[in-house]
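Each chain, letter by letter, is given below.
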Protein chains: 2
Amino acid sequence: MPAKDTLPDFEEKIASLLKKSHLSVTESRRKILHLFLEHAGALSHGDIERKAGEKFDRVTVYRTLQAFVEKGIIHTIPTADNSIRYALCKDDCSAGHHHDHHVHFLCHRCNNTYCLDDVVTPDIKLPRGYVAEQVEVLVEGVCKNCR
Amino acid sequence: MPAKDTLPDFEEKIASLLKKSHLSVTESRRKILHLFLEHAGALSHGDIERKAGEKFDRVTVYRTLQAFVEKGIIHTIPTADNSIRYALCKDDCSAGHHHDHHVHFLCHRCNNTYCLDDVVTPDIKLPRGYVAEQVEVLVEGVCKNCR
DNA sequence: AGCAAAAAGCAACATAGTTGCAAAATCTTG
DNA sequence: CAAGATTTTGCAACTATGTTGCTTTTTGCT
Ligand SMILES: [Mn+2]
Ligand SMILES: [Mn+2]
Ligand SMILES: [Zn+2]
Ligand SMILES: [Zn+2]
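Nothing here was measured: the structure is a model prediction, and the numbers come from that model. (Residues numbered from 1 in each chain as written. Chains lettered and ligands numbered in written order. Predicted model: local features only at pLDDT ≥ 70, side-chain atom pairs only at ≥ 80, totals over all residues. Heavy atoms only, no water.)

Novice: Would you explain the interface of chain A and chain B in this entry?
Specialist: Interface size is commonly expressed as the accessible area that is lost once the parts come together. Chain A puts 34 residues into the contact, and the matching count from chain B is 35 residues. Put simply, chain A and chain B have zero salt bridges between them. For the pair chain A and chain B, the number of links is 12 residue pairs in polar contact (both at pLDDT 80 or more). Listing elements by their share of the side of chain A that touches chain B, those giving two or more residues are strand 4 (102-107), strand 5 (113-120) and strand 6 (131-142) of chain A. Element by element, the count of residues in the side of chain A that touches chain B is highest for strand 6 of chain A, at 12 residues. Among the residues forming the side of chain A that touches chain B, the class breakdown is 20 nonpolar, seven polar and seven charged. (Contact = heavy atoms within 4.5 Å. Salt bridge = Lys/Arg side-chain N within 4 Å of Asp/Glu carboxyl O. Polar contact = N/O pair within 3.5 Å; in protein donor to acceptor, adjacent residues only side chain to side chain. Helix = DSSP H or I, 4+ residues; strand = E, 2+ residues; numbered from the N terminus. Nonpolar A, V, L, I, M, F, W, Y, C, P; charged D, E, K, R; others polar.)

Shown next, in the form of structure tokens:
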């Protein structure tokens, strides 16, 4: 019975993720992590406020996302408009140290943002004098679900 | 006398740029274009409001930047935080059609954003099903002036 | 100079994000 | 498992950012 399995699995994962990050397990944190786990694409602050319903205060959402970023649970994704989007870090991101060397994809049709975890960011040959510490790549187009 | 030359040069360039774009030549447009021409790096809306002093209404700055983007005079640069930055389009961007296939660089030290006009965005090999229409690359690190 | 069109300024509003503090929930430890 | 210490939440108030409609001013053109 795979349908019944998903929910307990999530709750388990959520609790261990929070504990590993030294964050106390609260209703808002569980709810917001759940949203990320079930959604596949990235979420904006606004998305989360809407999906979480009237359940939580706006301030709580801000502080929760901030805590998750600091602990390496989620990462931000730069966009051309000025709406920050957040997505789960897949693996070994820890407090203060993100290792997100993958490309992000924004679909013009469904307006979803996806982490392409298997597509690593390329090395960029820079002019003399510039030192690269991080490379962010955002590809825009049409995703595989939208054609 | 190179020092004296720069200002008239700018004014000339500004007038021709505006005329070419079918925009009437107004004080705010000239001032804001001047800021871009003398600054090298990209500017945020806030930068411009500050640098233009108390001279213009906030709304005017918004509408001016919007007009410049639409006419292909400036382009937006995605950032990791949610502040849009704007930079001059170098060449053949026209109304509604930007051709900015260059990489952007954000310096962690001076916090300036530069267009690396000579560094073209790489092709990204995407998973089956994804269609790329545009690629944005933002490199973060230390710029040549800051070491 | 005089007219029509465009832009700027103003006010009012809407949305987004921050901060301090008191109340509530969570964690710890005996 | 109860009590106290600690953390988190919700609330209120505030700042910042962005938008819209309308009136006045400026610009381009004849
Ligand atoms: Mn990602
Ligand atoms: Mn650029
Ligand atoms: Zn899509
Ligand atoms: Zn620098």
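Novice: Quick question: what am I supposed to make of the protein's contact with DNA strand D here?
Specialist: Close contacts around DNA strand D come from 17 residues, with Thr26, Ser28, Thr60 and Arg63 of chain A together with Val25 of chain B the closest. A share of 62% of the atoms of DNA strand D within 4 Å of the protein falls on sugar and phosphate groups. Within the side chain of Arg63 of chain A, an N or O atom sits 2.5 Å from a base oxygen of DNA strand D. Secondary-structure elements contributing two or more residues to the surface near DNA strand D are helix 2 (27-39) and helix 4 (58-70) of chain A together with helix 4 (58-70) of chain B. Ranked by the residues each element gives to the surface near DNA strand D, the list is headed by helix 4 of chain B, at four residues. The residue inventory of the surface near DNA strand D, partitioned by class, reads four nonpolar, seven polar and six charged. (Near = heavy atom within 4 Å.)

Novice: Help me out: how do you make sense of the environment of Ser21 of chain B in this one?
Specialist: All names here are of chain B. Within the secondary structure layout, Ser21 lies in the loop between helix 1 (2-20) and helix 2 (27-39). Since its relative accessible area comes to 7%, Ser21 is described here as buried. Spatially, the C-alpha atoms of Ser21 and Cys110 are 33 Å apart, while their sequence positions differ by 89 residues. Polar contacts involving the side chain of Ser21 include one to the main-chain carbonyl oxygen of Leu17, which spans 2.9 Å. (Buried < 20%, exposed > 50% of the residue type's maximum accessible area, 1.4 Å probe, protein only.)

Novice: Explain the protein's contact with DNA strand C here, please?
Specialist: Lining the immediate environment of DNA strand C, one finds 18 residues, of which Val25 and Arg58 of chain A together with Ser28, Thr60 and Arg63 of chain B sit closest. Between a phosphate oxygen of DNA strand C and a side-chain N or O atom of Tyr62 of chain A, the distance comes to 3.0 Å. Contact between DNA strand C and Ser28 of chain B: a phosphate oxygen at 2.3 Å from a side-chain N or O atom of the residue. Going through the elements one at a time, helix 4 of chain A together with helix 2 and helix 4 of chain B are the ones with two or more residues in the surface near DNA strand C. In the surface near DNA strand C, the residues fall into five nonpolar, seven polar and six charged.

Novice: What is the right way to look at the coordination of the manganese ion (ligand 1) in this model?
Specialist: In ideal tetrahedral geometry, four donors around a metal make angles of 109.5 degrees, whereas ideal octahedral geometry with six donors gives angles of 90 or 180 degrees. For the manganese ion (ligand 1), every protein donor is listed as His75 of chain A (NE2), His102 of chain A (NE2), His104 of chain A (NE2) and Cys115 of chain A (SG), and the spread of their distances is 2.0 to 2.3 Å. If you list the donors of the manganese ion (ligand 1) from N- to C-terminus, the spacing comes out as H-x26-H-x1-H-x10-C. (Donors = N, O, S within 2.8 Å, 3.2 Å for Na, K, Ca; no water.)

Novice: Honestly, the coordination of the zinc ion (ligand 4) in this entry has me stumped. Any pointers?
Specialist: Cys107 of chain B (SG), Cys110 of chain B (SG), Cys143 of chain B (SG) and Cys146 of chain B (SG) make up the full set of protein donors to the zinc ion (ligand 4), lying at 2.2 to 2.4 Å. Each of the four donor atoms around the zinc ion (ligand 4) contributes to a set of angles spanning 102 to 119°, which defines the coordination as tetrahedral. (Tetrahedral: all angles 85-135°; square planar, octahedral: opposite > 155°, others 65-115°.)

Novice: What exactly am I supposed to notice about the relation of the copies chain A and chain B here?
Specialist: Note: a rotation about an axis with an accompanying shift along it relates these two copies of the chain. Between chain A and chain B, which share one sequence, the superposing operator has a rotation angle of 179° and an axial displacement of 0.1 Å; the RMSD is 0.2 Å. Taken together, the rotation angle and the small translation identify this as a two-fold axis. Both copies contact each other with a shared surface, as 100% of the interface residues of chain A are interface residues in chain B too. (Least-squares fit on C-alpha atoms with pLDDT ≥ 70 in both.)

Novice: Is there a simple way to explain the packing of helix 2 of chain B against helix 4 of chain B in this structure?
Specialist: Two packed helices can be described by the angle between their axes and the distance between those axes. Residue and element names in this part refer to chain B. Close contact between helix 2 and helix 4 brings their axes to 10 Å; oriented N to C, the two are set at 70°. One element, helix 2, and the other, helix 4, form an angle in the roughly perpendicular class. In this structure, helix 2 meets helix 4 at a crossing whose hand is right-handed. Between helix 2, through Ser28, Arg29, Ile32, Leu33 and Phe36, and helix 4, the contact on the second element is made entirely by Thr60, Val61, Thr64, Leu65 and Phe68. For the contact of helix 2 with helix 4, a count of residues per class yields six nonpolar, three polar and one charged. (Axes fitted to C-alpha atoms, helices over the stretch in contact; angles between N-to-C directions. Parallel < 35°, antiparallel > 145°, perpendicular 65-115°, else oblique. Left-handed = near helix turned anticlockwise from the far one by under 90°.)

Novice: Please clarify how the pairing of strand 6 of chain A should be interpreted in this entry.
Specialist: Successive residues of a regular strand alternate their side chains across the two faces of the sheet. Relative to strand 6 of chain A, strand 4 of chain A runs parallel, the two being bridged by four bridges. Note on strand 6 of chain A: the bridge partner recorded for Leu106 of chain A is Glu140 of chain A. Pairing between strand 6 of chain A and strand 6 (residues 131-142) of chain B: 11 bridges, direction antiparallel. Paired with Leu138 of chain A across the bridge in strand 6 of chain B is Glu136 of chain B. (Pairing = 2+ DSSP bridges.)

Novice: Could you clarify how one ought to interpret the side chain of Arg29 of chain B in this entry?
Specialist: Residue and element names in this part refer to chain B. By the element assignment, Arg29 lies in helix 2. In this structure, Arg29 is buried with no salt-bridge partner, the nearest side chain bearing the opposite charge being Glu70 at 8.7 Å. Dropping the residues within four chain positions of it, Arg29 is found in contact with Leu18, Leu23, Ser24, Thr64 and Phe68. (Lys, Arg positive; Asp, Glu negative; His and termini not counted.)

Novice: Can you walk me through the sheet that holds strand 6 of chain A in this structure?
Specialist: Adjacent strands of a sheet form backbone hydrogen bonds with each other and so pair up, either parallel or antiparallel. The mixed open sheet is built from six strands, whose spatial order is 5(A)-4(A)-6(A)-6(B)-4(B)-5(B). What marks the edges here is a single partner per strand, and that holds for strand 5 of chain A together with strand 5 (113-120) of chain B. Across this sheet, the average inter-strand angle for adjacent strands is 30°, counted without regard to direction. Inspection of the sheet shows strand 4 of chain A paired to strand 5 of chain A by five bridges, in the antiparallel sense. Paired with His104 of chain A across the bridge in strand 5 of chain A is Cys115 of chain A.

Limitation: the analysis is restricted to geometry and does not speak to function.
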